Amino acid sequence: MDDSHFGVRNKRGDWAPTGRREVAPFWAWPPQLGKVLAWLPGYVWPWNAFHLATALLWWFFVVPDAATLKVLSWGWPAWLLAVNWVACLAWYGAFEWRLYRQRAQAGRFKYHHKFPSESPSDVFWFKSQNIDNFLRSFLISIPLWTLVQVIFLWCWANGIGAWLTWDEHPVYLTLLLLLSPAIHEVHFYAIHRLIHTPQLYKWIHSIHHNSVNPSPWSSLSMHPVEGFLYHAVALWHLVIPSNPIVAMFQLHAAGFGAINGHIGFDRIELGDERWMHSHAYTHYLHHKYFEVNFGGDGLVPLDLWLGTWHDGSKDGERQMQARYERKLARMNAGKAG
Ligand SMILES: [Zn+2]
Ligand SMILES: [Zn+2]
């Protein structure tokens, strides 16, 4: 495919999509029903549909029965961890393999002109972004993902929380399922903004930001505090009336869904004419500029409302610069005073 129809490449070789990233259309006023209807299929397919499919797969084929979950032991959590490890190896590994090892689409639609393996750096374990990110995911983040899973499953089996059944509350649970990505976005924005405060950034979040040019293994490369807080979004389902399948979907949308911000390519080619949107650009800009796009894609556009939205356009760039200059002026005024 010719990526020049969809974006521009600068002198360094970095590719950027043209146009603006738009927040979800149902925030527009006056309401634009046509736009909302056109947006809905992309909301469900393919990413959220995949997270729901894996949530169901886990619930029916991986998660042990309630009697087993009721009693904490080493056995069933170890089993869940093993499955999560294998699943992440397959999921993140597939993107890594196809786009970064085989380089199936070379640099087409790639935001950064370099592949991480071309830039060894001292900030990474073994000087390698790939090895560092892989090890941090497997030794830290996936075990913490599993810990969150163990907590809500154990609570469910012991009747802790307001758990509902699909037979009795099909409409409410379906709505909650559809809203879960919005819960994710608000939760992620809140914890992300928190760990961008100077002290916490240095201590916790800088590890994730070592990957300025993120790739699939960067997705879950986190400090343990971030690794837990990020996946703890599923624990909201202990507070709101819910069902374990919805909680599992919430967890998988976080754990597997982290890929979306870190693919490094705007589109994944599926053939000569077919492609899939990665939805990665908003978060790529966060890795590039740090101070913009703390949330996700604008499903709940907190960045837009709070003045940190970068839509990928020249205008977005100007607004970011103006904000930066205002911040600098404030800091200088503070020093002078
Ligand atoms: Zn990231
Ligand atoms: Zn960040």
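Residues numbered from 1 in each chain as written. Chains lettered and ligands numbered in written order. Predicted model: local features only at pLDDT ≥ 70, side-chain atom pairs only at ≥ 80, totals over all residues.

The protein goes by Sterol desaturase family protein in an unreviewed UniProt entry, where it is assigned to Leptothrix discophora.

### Here's the deal with the overall build of the protein
What the protein contains, in helices and strands, is 13 helices and four strands. Its C-alpha radius of gyration of 21 Å places the protein within 12% of the 20 Å reference for a compact globule of 337 residues. Taken along the three principal axes of its C-alpha coordinates, the protein extends 60 × 60 × 55 Å. Relative to its 337 residues, the protein shows a buried fraction of 37%. For the protein, the share of sequence-separated contacts (at least 6 apart) that also reach a separation of at least 24 residues comes to 65%. (Helix = DSSP H or I, 4+ residues; strand = E, 2+ residues; numbered from the N terminus. Rg over C-alpha atoms; globule rule 2.2 N^0.38 Å. Buried ≥ 20, exposed ≤ 12 C-beta atoms within 10 Å, placed from the backbone. Contact = placed C-beta atoms within 7 Å.)

### Some thoughts on the UniProt feature "domain: Fatty acid hydroxylase" (unreviewed entry) in the protein
Taking the UniProt record as the reference, the feature "domain: Fatty acid hydroxylase" (unreviewed entry) is found at residues 182-308. Secondary structure over residues 182-308 splits into 50% helix and 5% strand, and the C-alpha atoms at its two ends are 18 Å apart. (UniProt positions renumbered as here; feature names shortened; annotations may be inferred.)

### Concerning the packing of helix 2 (residues 47-62) against helix 9 (residues 244-255)
Where helix 2 meets helix 9, the closest approach of the two axes is 8 Å, and the angle between their N-to-C directions is 125 degrees. Comparing the axis directions of helix 2 and helix 9 gives the class oblique. Pair helix 2 / helix 9 crosses with right-handed handedness. Contacts from Asn48, His51, Leu52, Thr54, Ala55, Leu56, Trp58 and Trp59 in helix 2 reach Pro244, Ile245, Met248, Phe249, His252 and Ala253 in helix 9. Taken together, the residues of the contact of helix 2 with helix 9 sort by class into 10 nonpolar, four polar and no charged. (Axes fitted to C-alpha atoms, helices over the stretch in contact; angles between N-to-C directions. Parallel < 35°, antiparallel > 145°, perpendicular 65-115°, else oblique. Left-handed = near helix turned anticlockwise from the far one by under 90°. Nonpolar A, V, L, I, M, F, W, Y, C, P; charged D, E, K, R; others polar.)

### Overview of the UniProt feature "transmembrane region" (unreviewed entry) in the protein
Following the UniProt record, the feature "transmembrane region" (unreviewed entry) maps to residues 43-62, 74-95, 144-166 and 172-191 here. Along residues 172-191 the backbone is 100% helical and 0% strand, and the end-to-end C-alpha distance reaches 27 Å.

### Looking at the environment of Val83
Inspection of the secondary structure puts Val83 in helix 4 (residues 75-101). In the structure, Val83 is positioned 24 residues away from Gly107 in sequence and 33 Å away in space, judged by C-alpha atoms.

### A short note on helix 8 (residues 224-231)
Those residues of helix 8 that fall on the buried side of the exposure criterion are Glu226, Gly227, Leu229, Tyr230 and His231. Of the surrounding elements, those touching the buried residues of helix 8 are helix 5 (129-157), helix 6 (170-194), helix 7 (198-209) and helix 9.

### Quick word on the domain arrangement of the protein
Many authors give the size of an interface as the accessible area that is lost as the parts come together. Domain parsing of the protein yields domain 1 (47-300) and domain 2 (307-337). For domain 1 versus domain 2, the distance between C-alpha centres works out to 30 Å. Each partner contributes to the interface: domain 1 provides seven residues, whereas domain 2 provides five residues. A per-class count over the side of domain 1 that touches domain 2 returns five nonpolar, one polar and one charged. (Domains from an automatic or database assignment.)

### Here's the deal with the environment of Phe115
Position of Phe115 among the secondary structure elements: in the loop between helix 4 and helix 5. Its 18 C-beta neighbours within 10 Å are what place Phe115 among the partly exposed residues.

### So, unusual backbone geometry
In this structure, the amide linkage connecting Trp29 to the following residue, Pro30, adopts the cis form with an omega of -5 degrees. By the element assignment, Pro30 lies in the loop between strand 2 (15-17) and helix 1 (33-44). Cis peptide bonds are those with omega within 30 degrees of zero, and the linkage from Trp45 to Pro46 qualifies with 0 degrees. Mapped onto the secondary structure, Pro46 falls in the loop between helix 1 and helix 2. Phi is positive for Phe290, close to 65 degrees, though the residue is something other than glycine. Tracing the backbone through its elements, the reader meets Phe290 in the loop between helix 11 (281-289) and helix 12 (302-306). By the C-beta count within 10 Å, which is 14 here, Phe290 ends up partly exposed.

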